[in-house]
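If you want the building blocks of each chain, they are given just below.
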Amino acid sequence: MVRAGCGLLRQYGNFIDNVRLYVRGGSGGMGLGRFGGEGGKGGDVFVVAKADITLKKLKDKHPEKRFMGEVGANSSIRSLKGKKGKDCEIYAPVGISVTTDKGKVIGHLNKVDDRIRLTAGGHGGSFTTNFLPSKGQAKIVRLDLKLIADVGLVGFPNAGKSTLLSQLSHAKPKIADYPFTTVRPEIGKIMYGDYKQVSVADLPGLIEGAHLNKGMGHKFLKHVERTKQLLFVVDAAGFQLSSKLPYRSAFEAVQLLTKELELYKEELLSKPALLAVNKMDLQNTEEKLNELINQLQAPQDFLHLLPEDMVPTNVVQFKQIIPISASTGHGIEELKNCIRKSLDEQADLDNELYHFEKLQNLRSGTLKHI
């Protein structure tokens with residue numbers, strides 16, 4: 001096995017797949033006992049699914065991560081019925097699960113304009129409450145991007161992803177020798193000796209120009225967002241999609257895949273990534289593998305091989321490079337171990353960040369209202 005290095009080689013965090021928020025409904029307005037006036041209800045807090053929004057955008061726009069409904073208006077001589085406080089709407093992407101801080105599911109955002117009420121505003125003061133209002137509900141909630149799999153296979157058509165998935169798991173995807181062999185994600189599960197299960201998705205075939213929605217572009221790329229980590233799969237000998245398109249080496253394939261992800265959504269490249277170099281059972285592939293490793297160690301020396309508009313801004317630093325043959329099974333066990341190790345490291349890091357954030361919130365008094 002060829003290693004690109006063990007342990008965490010880069011900082012992950014630009015791609016946000018979960019956000020923790022403090023939400024509170026607005027307090028109700030004061031009633032007016034003298035005339036029996038009723039205060040306005042406090043505003044509710046909703047999360048609403050919208051297009052062209054990501055959890056990263058949400059977090060960047062609201063770094064304090066606190067959302068509150070408006071206070072209801074007090075009853076007055078001019079307006080005995082106080083006006084309701086304005087609701088607060090939090091915009092989030094489609095494909096979100098909303099849970100309490102303890103993991104209880106509140107609801108899901110499955111399509112644009114789906115909405116979930118997170119907290120209710122307080123009632124306005126009235127005769128039944130001695131004209132005193134109540135406070136709005138307050139809680140901590142989590143918005144989590146619903147994952148289709150722990151690992152997503154990323155590669156051009158005929159890179160051997162479907163065959164690899166069948167070797168890694170018990171999945172039986174349809175395999176044929178033509179572009180777009182996978183028309184929708186095929187999900188398989190890797191079973192480990194300690195009963196740990198890891199889900200792997202063979203995503204629809206990617207082509208150059210996918211970010212422009214050519215081929216199955218956006219259908220492919222939106223699924224990439226919903227995986228924890230990426231497993232790039234390239235043909236050791238390179239590939240040529242058709243006689244009208246140029247031959248691409250394994251190095252060029254890696255960079256073109258990187259560019260398509262970058263052009264669609266740059267933060268996708270902050271996901272941890274492994275590289276499987278497939279079809280190592282063919283002739284002269286050891287030489288090709290060594291060439292690829294040398295190129296990936298000094299990528300800036302070889303990026304001129306690509307068209308200028310397809311050179312990625314940032315190259316992917318793979319945690320590990322694993323030579324395999326999906327057809328013979330060579331290197332598959334080693335790849336399984338690498339996938340497990342990478343996911344375990346990510347889980348440890350996420351756990352550290354979660355507890356650090358929780359500690360910071362406790363210190364800042366965010367939880368004092370809960």
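As named in an unreviewed UniProt entry, the protein chain is GTP-binding protein 10, taken from Callorhinchus milii. Quoted verbatim from the Sequence similarities (unreviewed entry) field of UniProt, the annotation for the protein chain is "Belongs to the TRAFAC class OBG-HflX-like GTPase superfamily. OBG GTPase family." What UniProt states about the protein chain under its Subcellular location (unreviewed entry) heading is, verbatim, "Nucleus, Nucleolus".

(A) The sheet that holds strand β4 (residues 88–92), seen in detail. Read across the open sheet, the three strands follow the order β4-β2-β7; overall the sheet is mixed. The open sheet has two edge strands, β4 and β7 (115–119), and neither has a second partner. Neighbour-to-neighbour, the strand axes of this sheet turn through a mean angle of 25 degrees, independent of strand direction. Both strand β2 (residues 45–49) and β7 contribute to a ladder of four bridges, which runs antiparallel. Within the sheet, the bridge partner assigned to Val45 lies in β7 and is Thr119.

(B) Up close: the pattern of salt bridges. All told, the structure shown has 19 salt bridges when counted by the stated rule. Between Arg117 and Asp44 there is a salt bridge, and its shortest N-O distance comes to 3.5 Å. You can see Arg117 sitting in strand β7 and its partner Asp44 sitting in the loop between β1 (18–24) and β2, a full 73 residues away along the chain. Classification of Arg117 as partly exposed rests on a relative accessible area of 46%. Taking the shortest distance from any N to any O, the salt bridge between Lys341 and Glu345 comes out at 3.3 Å. Taken together, the residues span about one helical turn, with Lys341 and Glu345 both in helix α6 (residues 332–364) at a distance of four residues. Judged by relative accessible area, Lys341 falls into the partly exposed class, the value being 36%. Among the residues examined, Glu345 registers a relative accessible area of 18% and is labelled buried.

(C) Inspection of the nonpolar core at higher detail. With 34 residues, the main nonpolar core has Phe232, Val234, Leu275, Val277, Leu296 and Phe318 as its most contacted residues. Contributing elements (two or more residues each) for this core: β9 (149–154), β12 (227–235), α4 (250–264), β13 (273–278) and α5 (285–297). Sort the elements by how many residues they give to this core and α4 lands first, with seven residues. Counting 22 residues, the second largest nonpolar core, distinct from the first, contains Leu164, Leu335, Ile339 and Leu343.

(D) Highlighting the sheet that holds β12. The six strands lie next to each other as β10-β11-β9-β12-β13-β14, forming an open sheet whose pairing is mixed. The sheet is open, and its two edges are formed by β10 (186–191) and β14 (321–323), each paired on a single side. Each neighbouring strand pair of the sheet contributes to a mean axis angle of 25 degrees, computed without reference to strand direction. Pairing geometry for β12 and β13, over six bridges, is parallel. Counted as the bridge partner of Phe232 is Leu275 from β13.

Cut-offs applied
Residues numbered from 1 in each chain as written. Predicted model: local features only at pLDDT ≥ 70, side-chain atom pairs only at ≥ 80, totals over all residues. Heavy atoms only, no water. UniProt positions renumbered as here; feature names shortened; annotations may be inferred. Pairing = 2+ DSSP bridges. Helix = DSSP H or I, 4+ residues; strand = E, 2+ residues; numbered from the N terminus. Axes fitted to C-alpha atoms, helices over the stretch in contact; angles between N-to-C directions. Salt bridge = Lys/Arg side-chain N within 4 Å of Asp/Glu carboxyl O. Buried < 20%, exposed > 50% of the residue type's maximum accessible area, 1.4 Å probe, protein only. Core = buried A, V, L, I, M, F, W, Y, C linked by side-chain atoms within 4.5 Å.

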